[in-house]
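For reference, the chains in residue letters:
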Amino acid sequence: RLCNLFLDRYGDGPVSLLRAPARIGLLGEHIDYVSYLPTASLTFGSHERNILMLYRKSAKPQVQSASTSPKYPPSMFSLLEDEVPELGNSAVSEWLSFLFRHGTPQPDWQNYIKASVNFARGKFGAQIVNGFDFALESNVPAGGGASSSSALVVLAGAAVREVNQISFTPEELAKDSAIAEWYIGTRGGSMDHITICLAQQASAVVINYWNQQTKRVSLPDTPFEWITFFSKPADKGREIMIEYNERAAVSRLLIPAVINKWNQTNPERQTDWAVVLRSLEEGSLEGVDAAENLLNTLPETMSIDTLQLEHPNTFSELERSFPALLAARSRWPLQIRSRALHHLGEIKRVALATHILESIENASTPEDKLSAMQTIGKLLDESHASLRDLYGVSIREVEELREVIVSNANVLGARLMGGGFGGNVLALTTQHHSKELIEQVQKEYYSPQGRHGVREGSVMVSTPGDGLAEIDLNDLWRDSIARVNSRGANASKYRSNLLSLLDVSTVQADSAIWPVIVAAGKGTRASASGLNIPKPIAFVRKKPAILHVLRNIRKGLGQTRPPIIIVSPETEAPIRHAVECEDVMIVLQPKPLGTGDAVFQAHPLMRDFTGLTLVVWSTQPVIRAKTYQRTVKLATLFQTYEMFVPTTFREHPYAPIQRDESGEVRSARETHLESAEQVEFGETNIGLFLLRNQTMFDVLLDLRRRYWNESTRCYDRIRGELGFPNEVISTLAERENGVFASPIGDWREEQGIKQLSDLATCEQFITELEREEAAHQSLQ
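Given the structure is predicted, the values throughout are model-derived calculations rather than measurements. (Residues numbered from 1 in each chain as written. Predicted model: local features only at pLDDT ≥ 70, side-chain atom pairs only at ≥ 80, totals over all residues. Heavy atoms only, no water.)

1. Comments concerning the overall build of the protein chain
Defined as follows: Numbering of helices and strands runs from the N terminus, with a helix taken as a DSSP run of H or I at least four residues long and a strand as a DSSP run of E at least two residues long. Note on classification: 1.4 Å probe, protein chains only; a residue is buried when its accessible area is under 20% of the maximum for its type, exposed when over 50%, partly exposed between these limits. Contacts are assigned to residue pairs that have any heavy atoms within 4.5 Å of one another. The accessible surface values rely on the Shrake-Rupley method and a 1.4 Å probe; as for residues, cover is taken only from the protein chains in view. Charged residues are defined here as Lys and Arg on the positive side and Asp and Glu on the negative side; His and the ends of the chain fall outside this count. Every charge is mapped onto a representative atom, which is NZ of Lys, CZ of Arg, CG of Asp or CD of Glu.
On a plain count of helices and strands, the protein chain comes out with 28 helices and 29 strands. For the protein chain, buried positions account for 56% of its 780 residues. When contacts within the protein chain are restricted to residue pairs at least 6 apart in sequence, long-range pairs at least 24 apart make up 77% of them. Entry remark: accessible area of the protein chain is about 33,600 Å², with carbon and sulfur atoms responsible for 48%. Within the protein chain, the 94 negative side-chain charges are centred at a point lying 4 Å from the centre of the 80 positive side-chain charges.

Below you can see the structure in the form of structure tokens.
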């Protein structure tokens, strides 16, 4: 969708792709703009929720914007639209002065882009000459407290630097983006931007705003689950913006002004405060109680007259930095003491949670880990109470949603996440109970409103992922395919997405491919059913089955090495006749010693080949050209693996594949030959396999050495035969990155020719698949 939008608006050509994650705030909310205490936040970047920006340098000094969401219409602005001052050593002060003169722009999503572009122009001056064209795709709800707006600012900041060849560090970009976002009218802090830029997989980010340092702590994802439930969008209009700014102004200017005046009014209190600060700076919580006593001496509120009379310098700074708040006189007096107590409480909660996460890896039992995460859950509950009662950023809809969530006994804790006045409630539960919780919230909260939470994207399950990154499209497809693949039997419902990812990928095979078509065997079972000619030359739609296989390989893969056809004495003559017009090589398997032995007969021809070997049964005419193509794309994307097996899910699979808990293939069994217990439903190969040639023959040679019995002239295996692929799969599955099996086949493609009645079934399935493909193409 994103690629199509970009092509429609800007045309083809080189592009770059950036990903910025949603920010999931665990603890430490509304304290990233505090200037008088050593505050910290605990956050992570969502792996599952992100904004993607596809962009290209513009030929003109302008920025063109587009989004796949119809809520955000396309727009354009010139780089020269605003007269931005040069930002020197006093960048913050100079930027605020510019914003004071410029005023707050009318609400528009492109303002988040313009914020970064204008700040970059001020910082880098004449180095910013190129604009860019971009398109966005997002699955982060806007106004949901997951920082979709800050992600836009970060993405634009990275893009404008890249198209102008300006290098930057993630830390620098985060700092600049936080200040740049003030362009919108808010005066928030840097928590969102730091998380977006510095998040790391399987970790939480501890952000210390006092010393501008960050560190990462391990965040367990098993068996716990972080879920956010969206209430309603937080209004980004003028009134709510003033609400945000009121708290920022109190935290950044008013509370520090009162504390600084203790020098004059109460020097002893100022001395005690200095001791408390040193204790908190060192990470000690011993000073929290003393700090609380001191903060309780702050005035409960402050009027505008008191501010102007007793703190004239602070009044002037407020006038410059928060002009809209100063003009909204009906809001005064402002809350002071309660805001400070919230800040202190969050300092304590973040410190406790960080200590728990640092020690949780040493938990000796699952019960110890659960107990630790239950404590984290209690801290979430405390944080919510503080945000509601001391900070006043919760609303009725949020409270109703949270009440539903915490009524579930398996929820360890829940709190409002983000700026407030709407948005998300973050819940901590376990993976085993997450489905039940989601269903309960749907029934008790979303359904009465006529909403479907999951379908509308209001329910987000998140695991810790990486921060801002330029994405190689192959990496994106590789990661998505691997995650679908690891779902085992549950992957079937994601199959259409998996196939779409493969089909739009432009990867090209970087190894030569040599097909091996197994057409040997006596065909005893087929003869018993009335099929009196070799199965490979049985007619399907008036053409031998083996010709369907050959032509689908060529249609799907283009030029390959001439296919090697393995024949038996019984099939050699008719197959030679059937393929006489084809560019192929014929290799004889003298005795029917199994499919593995049949493939092994090609070793003298292929021993020096270093590419990929495609092994397919000659009796699989239903396998489509597209499936061959998709299989090779898998091999190109996942080059660390040795064997690639396209699979399908069906009832009573002939050769079920077994996976471990992580989704890795561990074995495969053929129910007919190995007398394995047949399963009702499962994953099976479709008779097509792609392997690294040297690996394949190394395994076959080793199996032959282990099982070949010279005296009996057969293998010490079931029926004296060496099987394929199950023997090879089971051997390679013992290695790391041995077998990559993926459900990219249609269940009908598994249909082969084993008896006479299968010919009609193959014809039926080929016709059905052709019609479906034609219908799909006509829709496109």
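2. With respect to helix H14 (residues 337-360)
Going by this rule: A helix is expected to span 1.5 Å multiplied by its residue count minus one.
Its 24 residues give H14 an end-to-end C-alpha distance of 35 Å, which sits within 8% of 34 Å, the value for a rise of 1.5 Å per residue. H14 sits mainly inside the fold: 17 of its 24 residues count as buried.

3. Concerning the pairing of strand S26 (residues 688-692)
Put simply, the rule reads: Whether two strands pair comes down to DSSP finding at least two bridges between them.
Taken across its five residues, S26 has five buried, putting it largely inside the fold. Pairing geometry for strand S21 (residues 612-617) and S26, over five bridges, is antiparallel. Across the sheet, residue Leu614 finds its bridge partner in S26, namely Leu690. The pairing of strand S22 (residues 643-651) with S26 spans two bridges and is antiparallel. Paired with Phe644 across the strands is Leu690, a residue of S26.

4. A few points about the side chain of His343
For clarity, the threshold we go by: Under the rule applied, a polar contact is a pair of N or O atoms within 3.5 Å (in protein, one hydrogen donor and one hydrogen acceptor; residues adjacent in sequence only if both atoms are side-chain atoms).
Within the element layout of this structure, His343 appears in helix H14. Of the polar contacts made by the side chain of His343, one reaches the side chain of Tyr36; its length is 2.8 Å. In this structure His343 touches His30, Ile31, Val34, Tyr36, Leu37, Ser251, Ile255 and Tyr391, once residues within four positions along its chain are discounted.

5. A closer look at the nonpolar core
Quick reminder of the rule: Only buried residues count toward a nonpolar core. Its members are Ala, Val, Leu, Ile, Met, Phe, Trp, Tyr and Cys residues joined through side-chain atoms within 4.5 Å.
Core analysis: the biggest nonpolar cluster contains 123 residues, and Trp95, Ile113, Phe132, Phe229, Leu295 and Ile405 have the highest contact counts within it. Broken down by element, the residue count for this core peaks at 12 residues, all from helix H7 (residues 238-260). Every residue in contact with Leu295, bar those within four places of it in the chain, is listed here: Tyr36, Leu37, Ile259, Trp273, Arg337, Ala340, Leu341 and Leu344. Listed in part, the 37 residues of the second largest apolar core include Met606, Phe689, Leu700 and Val739.

6. Digging into the pattern of salt bridges
Heads up, the condition is: Salt bridge criterion: a side-chain nitrogen from Lys or Arg within 4 Å of a carboxyl oxygen from Asp or Glu.
With the rule as written, the count across this model stands at 37 salt bridges. When the shortest N-O distance is used, the salt bridge between Lys123 and Glu172 registers 2.9 Å. Residue Lys123 is found in helix H3 (residues 111-124), and its partner Glu172 is found in helix H5 (residues 170-180); the two are separated by 49 residues along the sequence. On the basis of relative accessibility, which here comes to 31%, the residue Lys123 falls in the partly exposed class. With a closest N to O distance of 2.6 Å, Glu346 and Arg349 form a salt bridge. Residue Glu346 and its partner Arg349 are both found in helix H14; the two are separated by three residues, about one turn of the helix. The exposure classification of Glu346 matches that of Arg349, with both residues buried. Salt bridges here are not isolated pairs; linked through shared partners, they connect Glu243, Glu246, Arg247, Arg331 and Arg339.

7. As for unusual backbone geometry
Negative phi characterises most residues that are not glycine, and trans characterises most peptide bonds. Trp332 connects to Pro333 through a cis peptide bond whose omega is 5°. Secondary-structure assignment places Pro333 in the loop between helix H13 (323-327) and strand S10 (334-335). A positive phi is found at Gln165, a non-glycine position, where the angle reads about 55°. Judged by relative accessible area, Gln165 falls into the exposed class, the value being 77%.

8. Thoughts on the side chain of Ser231
Along the chain, the position of Ser231 falls in the loop between strand S8 (224-230) and H7. A distance of 2.7 Å separates a polar atom in the side chain of Ser231 from the backbone oxygen of Gly423. Residue contacts for Ser231: discarding those within four places in its chain leaves Glu397, Val398, Leu401, Gly422, Gly423, Tyr445 and Arg451.

9. Regarding the environment of Gly465
Among the structural elements, Gly465 can be located in strand S14 (residues 464-465). According to the relative accessible area criterion, Gly465 is buried, its value standing at 0%. A C-alpha to C-alpha distance of 24 Å links Gly465 and Ser742, two positions 277 residues apart in sequence. Not counting the four nearest positions on each side in its chain, Gly465 is found in contact with Gly45, Ser46, His47, Ala199, Gln200 and Gln201.

10. Description of the sheet that holds strand S11 (residues 413-417)
What counts here: Axis definition: a line fitted to C-alpha atoms, limited for helices to the stretch in contact. Angles are taken between N-to-C directions and run from 0 to 180 degrees.
Overall, antiparallel pairing links the four strands, which are arranged S11-S12-S8-S13 in an open sheet. The outermost strands of the open sheet, each flanked by one partner alone, are S11 and strand S13 (459-462). Adjacent strand axes in the sheet meet at a mean angle of 25° when their direction is disregarded. Taken together, the four bridges between S8 and S13 define a ladder with antiparallel strand orientation. Across the sheet, Phe229 pairs through a bridge with Val459, a residue of S13. Those strands touched by helix H17 (residues 431-446) are S8, strand S12 (424-430) and S13, and its axis lies near 15° from that of S8.

11. Re the packing of helix H21 (residues 545-557) against helix H25 (residues 625-637)
Heads up, the rule is: Throughout, the term roughly parallel applies to angles under 35 degrees, roughly antiparallel to angles over 145, roughly perpendicular to angles from 65 to 115, and oblique to all others. By definition, turning the near helix anticlockwise from the far helix through less than a right angle yields a left-handed crossing, and turning it clockwise yields a right-handed one.
At a minimum axis separation of 7 Å, H21 and H25 run at an interaxial angle of 50°. It follows that H21 is oblique to H25 by the angle criterion. Like other packed secondary-structure pairs, H21 and H25 cross with a definite hand, here right-handed. Residues Val549, Asn552, Ile553, Lys555, Gly556 and Leu557 of H21 touch H25, and the partners they reach there are Ala625, Tyr628, Gln629 and Val632.

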